[in-house]
Amino acid sequence: MQEIDSVCAYCGVGCDISATVEDNEIKSVFAKKEGTVSEGQLCVKGKYGFDFAQSPNRLPKVKIKTSFIQKNELFLPKALKDALYAYPNTDGYIYPDLQSAYALCAWKLKQITTQHGNFSFAAIGGARGNCESSYLLQKFTRKVINSPHIDNCARVCHAPTLKGMRSIIGEGAATNPFSDIKKTEFMIVIGSNTTEAHPIVANKMIKKVKEGVNLAVVDVREITLAKKAKYNCIIPHEANLLFLNMMAHTIITEALYDETFIAQRSSGFEAYKEEILSDPTANPDFFADVKGYEHLPIMIREIAREYASKKSLIFWGLGITEHLDGSYAAASICNLAVMTGNIGKEGAGLMPLRGQNNVQGTCDMGCLPYYDPDYQQPLIEGLKTPDMLNAMIDGEIKALFNMGEDIAHIHTNQNKIEKALQNLEFIVVNELFENEITKYADIVFGVKSAYEKTGVYVNAERRLHLSQPLINNDLPDDWEVIQGISKALESDKLDYHDSRDIWAEVQVKVPNRFSGASYEKLEQNRLQGLQWPIHEQETPVLHLSEFRTKDGLAHFRYKKWVKRGMVSELLADKRTDFYLTSGRVLEHYNNAAQTKESEKLLKRHREDVVLVSSEDASYFEGKEYIVLRSYYGKSNPLKFKITKKIKKGTLFVSFHHAKSHINFVFGDEADELTKTARFKSVKVRIE
Ligand code: SF4
């Protein structure tokens, strides 16, 4: 029996793991006490969710739709056509050798880009791939195909965090290590169901609460963590920015801000202060007239006082970012930290909780339409995913490379996405299992999972872990598929021996973060990881003496909350319909890509269930299933559960199972600056 150390394949906490392996089979996964992130603990996904790698449902090396070959056979080079037709047609697919599949991809991409231009190609990466593959996907798109259209699934999660944080402090990443929870004096969690989505971080928070440190939980419903909180602050839908502005208003009117820190480390405070004081919605008393939330002025002021007077950390998740004002809310969180001096020191700072294991790393690699690697300006800015989808409908984008991101499940307005995907001439997908997007794909490459390969992952606290294979298989890694197609295109731009070789180039191309992060150093710190920037040494706390802006200062910016939706209705005492929010459950992770293949996890959660307020119970009487219908579409029939944890008129549902059709209900409304969709609030009727 072997024992192999690596990193968890699931969430952005990025726990170090150790596995026992026998005869190329993972027997168990556990954490060692010396692991910096895990500290010897894993959640159920980390501990039990490893069997997906050994599932009999894994995709084969490659499969190609026979209908795709038939559609193109008139124009296919004879040798390639003969090679492909030599394989038997099995249920509408052939299962050829990799070289023939690469050749077909290259031929089709050449045909499309010759006819429609290079910009007719787009690529969307997933944040569960490692840095090496993400780096290569953007390089392939930009340098081999010469298209600027590269994006990743940060578009549906933390793109607003990046935007908002950079606008104030010049860097869109967590400022401190998770271990700073041990050093903090107060914690605010806003828009993050931490016990379900980032359980090991939640454990650290709960431990600290038990030691006597206070916690404020701000959400639209009572989440599990709220039981441990001094302040269980339930706010109406779409009121994050309102809450944050009220925090700032209290800190300013009660002169709780840190004058010295503001004077030495920031600019624009006076103008910001003036704007906030002249905005009547920023006064916490605004809530006195919002039916059902009249107690909030007192609570918000208490939270603001405790936050400003103590060494405090703020944690947030998609409950902040997936809104019309997600980027502005992330920026407002930064304003709070800077005005109170709660940044640039141990135990105080800003902690965006990234969803997947490599959201941070995928963005660092430049898998974004507006950033090259290391957040440099690209020559041409590409389209963001929602704009790519419009361009597919308009016929401007004809070919899509989709790597580890099921856009036919996890994006909003699925009726529209169906239309966009059906309009494409060519879809290539790298995946582990069949899912919604593979149904549309012409060519599907089955690739190695995180437990079968070597590569770097960057967790939500900027910590790099180098994974190593727990088991072996002969599927290609994502980057090998990309390179295979590139070589078939006769490009010499991608020519790497292994992932170490790619990482050596990443260190040169991302010098501000990774110049000193060699594989050797990461191997020596396998269970500890290292936090970027890593030059001579790692950097646990950012912004110690200056911010990462051009002038080294933080720049205050105010954004007024725009009155709308539920708050407007409550003010007018005119409630109609229901407001729905969505989120994760502990056992699953996004589209359950891996977790649904783990029997131990699947048996704990097999279907998405709608949570309904006990105050609305009479409305649901006599119903066994309900359908959620919005302006955009409807869900499939869903079970529901009555609970006291949800406020009247609001609903919650998880979105893990494709058959539920939850994302058919959410629409095109999105964060104004990044187009991250408003997954966290939509008005629905019950049928
Ligand atoms: S908290 Fe996240 S990283 Fe840690 S074991 Fe659970 S899923 Fe894995």
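Predicted model only: the values in this text are computed from it and were never measured.

1. Looking at the overall build of the protein chain
Next, step 1: The helix and strand inventory of the protein chain stands at 26 helices and 26 strands.
Next, step 2: For the protein chain, the C-alpha radius of gyration of 25 Å lies close to 26 Å, the compact-globule estimate for 687 residues.
Next, step 3: Considering only C-alpha atoms, the protein chain reaches an extent of 80 × 65 × 50 Å along its principal axes.
Next, step 4: Counting all 687 residues of the protein chain, 58% fall into the buried class.
Next, step 5: Partitioning the intrachain contacts of the protein chain with sequence separation of at least 6 by distance along the chain shows that 75% fall at a separation of at least 24.

2. What about the sheet that holds strand β18 (residues 463-467)?
Next, step 1: The antiparallel open sheet is built from three strands, whose spatial order is β17-β18-β19. Strands at the two margins of the open sheet, each flanked by one partner only, are β17 (455-458) and β19 (530-531).
Next, step 2: Of the pairings in the sheet, the one linking β17 to β18 comprises four bridges and is antiparallel in character. Bridge assignment links Val 458 to a residue of β18, and that residue is Leu 464.

3. Points about the sheet that holds strand β22 (residues 609-613)
Next, step 1: Read across the sheet, six strands follow the order β23-β26-β21-β25-β22-β24 without closing on themselves; strand pairing throughout is mixed. Taken across any chain shown, the strands that pair with only one partner, and hence form the sheet edges, are β23 (628-629) and β24 (639-643).
Next, step 2: Of the pairings in the sheet, the one linking β22 to strand β25 (residues 650-654) comprises three bridges and is antiparallel in character. What sits directly across from Val 612, in β25, is Leu 651.

4. Some remarks on the site of the ligand
Next, step 1: Around the ligand, the structure places 13 residues, and the nearest of them are Cys 8, Cys 11, Cys 15, Cys 43 and Gly 46.
Next, step 2: Only α1 (44-48) and α8 (199-210) provide two or more residues apiece to the shell around the ligand.
Next, step 3: Two domains each put at least three residues into the shell around the ligand: domain 1 (2-54) and domain 3 (159-352).

5. Remarks on the packing of helix α9 (residues 240-253) against helix α12 (residues 296-309)
Next, step 1: At a closest axis distance of 9 Å, the pairing of α9 and α12 adopts a crossing angle of 65 degrees. The way α9 lies across α12 gives a crossing that is right-handed. Facing α9, whose interface residues are Phe 243, Met 246, Met 247, Thr 250 and Ile 251, α12 presents Ile 300, Arg 301, Ile 303, Ala 304, Tyr 307 and Ala 308.
Next, step 2: In terms of residue class, the contact of α9 with α12 is built from nine nonpolar, one polar and one charged.

6. Observations regarding the domain arrangement of the protein chain
A common measure of how large an interface is: the accessible area buried when the components associate.
Next, step 1: In terms of domain boundaries, the protein chain breaks down into domain 1 (2-54), domain 2 (63-157 + 357-454 + 467-504), domain 3 (159-352) and domain 4 (573-686).
Next, step 2: The C-alpha-based centres of domain 2 and domain 3 are spaced at 39 Å.
Next, step 3: Each partner contributes to the interface: domain 2 provides five residues, whereas domain 3 provides five residues.
Next, step 4: Counted by class, the side of domain 2 that touches domain 3 contains three nonpolar, one polar and one charged residues.

7. Section: the pairing of strand β14 (residues 399-403)
Next, step 1: Of all five residues making up β14, five are buried, and the element is well covered by its neighbours.
Next, step 2: Where burial is concerned, the two faces of β14 agree: the one with Ala 399, Phe 401 and Met 403 and the one with Leu 400 and Asn 402 are both buried.
Next, step 3: In this sheet, β14 lies alongside strand β6 (residues 121-125) in parallel orientation, the contact comprising five bridges. If you follow Gly 125 over to β14, its bridge partner there is Met 403.
Next, step 4: Relative to strand β15 (residues 426-431), β14 runs parallel, the two being bridged by five bridges. Its bridge partner lying in β15, Phe 401 is registered against Val 428.

8. Comments concerning helix α5 (residues 131-144)
Next, step 1: For α5, with 14 residues, the first-to-last C-alpha span of 18 Å sits near the 20 Å given by 1.5 Å per residue.
Next, step 2: Extensive coverage of α5 is indicated by the burial of 13 of its 14 residues.
Next, step 3: The first or second residue beyond α5 is Asn 146, which carries a positive phi of 65 degrees.

Reading the values: rules and limits
Here the residue index of a chain counts from 1 through its sequence in written order. Local features in a predicted model are, by the rule used here, given only for residues with pLDDT of at least 70; side-chain atom pairs are given and counted only at 80 or more, and totals for whole chains, interfaces and linings are based on all residues. Counting from the N terminus, the helices are the DSSP runs of H or I reaching at least four residues and the strands are the DSSP runs of E reaching at least two. Each radius of gyration reported is based on C-alpha atoms, and the globular scaling rule is 2.2 Å times the count of residues to the power 0.38. Labels follow a simple rule on C-beta atoms placed from the backbone: if 20 or more others lie within 10 Å of a residue's own, it is buried; if 12 or fewer, it is exposed; otherwise it is partly exposed. Think of it this way: build a C-beta for each residue from its backbone, and any pair within 7 Å is a contact. Any two strands with at least two DSSP-identified bridges between them are counted as paired. Using a C-beta atom placed from the backbone, a residue is described as near a molecule or strand when that atom lies within 6 Å of it. Each domain's extent was defined by an automatic or database domain assignment. For every element, the axis is a line fit to its C-alpha atoms; helices are fit only across the contacting stretch, and the angle between N-to-C directions ranges from 0 to 180 degrees. Left-handed describes a crossing whose near helix is turned anticlockwise from the far helix through less than a right angle; right-handed describes the clockwise counterpart. Here the nonpolar group is Ala, Val, Leu, Ile, Met, Phe, Trp, Tyr, Cys and Pro; Asp, Glu, Lys and Arg are the charged ones; every other residue, Gly included, is treated as polar. To estimate how far a helix should reach, multiply one less than its number of residues by 1.5 Å.

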